[in-house]
Amino acid sequence: MMKLTGHRLSLHLPRRVAELHNRLSRARYFRGHGVHSPFVYAIVREVFMRRELLPGERGLYEALLAAGVPRRRAVQLQNLAIHCGYATFGMNRADADLCIVTRDLPRAETLALVRAAAEGGHTVAMLSPYDGRERQALCAQIVAGHRSTTVDNRAYLLIFNNYLPKQHFRI
């Protein structure tokens, strides 16, 4: 094994290559460039790029902070709810306009929730889509089988169940 600055090169190289591939595949969507959907472009500009909360309800923001979601991501999801006009939200439930799926929901229940949200026309936000290989595989399966638009911004995967065509954006 070759050593550079005290680290074993072979242990870190595959992870670094995967990280580089992940960043390069998202480069064209940086700041909304390359997004050919007005709906998703507006989300990038008005939700992902905004650091402060939009005026309006703060219930989702407070619930996400209580669940341990980082402040930046909680602001983004609250702003998404305001921007899209979602009146209700649910944590690990499919009976709200915006359904938040946490990391600790089992695979079978996650798939059932995504299916129920699709039937109800609700949007799903899956937190931590890159938290382990199993979670990545689950998210890839959901994206492959989904009939509408999905947006992956590393911290959560948005699954829209509306009139939009089947598209997948990696922001």
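A few points on the structure.

Criteria and thresholds
Residues numbered from 1 in each chain as written. Predicted model: local features only at pLDDT ≥ 70, side-chain atom pairs only at ≥ 80, totals over all residues. Heavy atoms only, no water. Pairing = 2+ DSSP bridges. Helix = DSSP H or I, 4+ residues; strand = E, 2+ residues; numbered from the N terminus. Axes fitted to C-alpha atoms, helices over the stretch in contact; angles between N-to-C directions. Contact = heavy atoms within 4.5 Å. Polar contact = N/O pair within 3.5 Å; in protein donor to acceptor, adjacent residues only side chain to side chain. Parallel < 35°, antiparallel > 145°, perpendicular 65-115°, else oblique. Left-handed = near helix turned anticlockwise from the far one by under 90°. Nonpolar A, V, L, I, M, F, W, Y, C, P; charged D, E, K, R; others polar.

1. A look at the sheet that holds strand 4 (residues 98-101)
On the basis of which strands lie adjacent, the open sheet formed by six strands has the order 3-4-5-7-6-8 and mixed pairing. Of all strands in the sheet, those with a lone pairing partner are strand 3 (89-91) and strand 8 (167-170), marking the two edges. On average, each strand axis in the sheet is inclined to that of its neighbour by 15°, with strand direction left out of account. In this sheet, strand 5 (residues 123-127) lies alongside strand 4 in parallel orientation, the contact comprising four bridges. Bridge assignment links Val 101 to a residue of strand 5, and that residue is Met 126.

2. Overview of the environment of Arg 103
Structurally, Arg 103 is set in the loop between strand 4 and helix 5 (107-120). Distance from Arg 103 to Asp 131, taken between C-alpha atoms, is 8.1 Å for residues 28 residues apart in sequence. Residues in contact with Arg 103, not counting those within four places in the same chain, are Ser 128, Asp 131 and Arg 135. A polar side-chain atom of Arg 103 sits 2.8 Å from the main-chain carbonyl oxygen of Asp 131.

3. Focus: the packing of helix 3 (residues 59-66) against helix 4 (residues 71-84)
Where helix 3 meets helix 4, the closest approach of the two axes is 8 Å, and the angle between their N-to-C directions is 150°. By the angle class used here, helix 3 and helix 4 are roughly antiparallel. Of the two elements, helix 3 crosses helix 4, and the hand of that crossing is right-handed. Along the contact surface, helix 3 presents Gly 59, Leu 60, Tyr 61, Leu 64 and Leu 65, while helix 4 presents Arg 71, Ala 74, Val 75, Leu 77, Gln 78 and Ala 81. Looking at the contact of helix 3 with helix 4 residue by residue, the classes come out as eight nonpolar, two polar and one charged.

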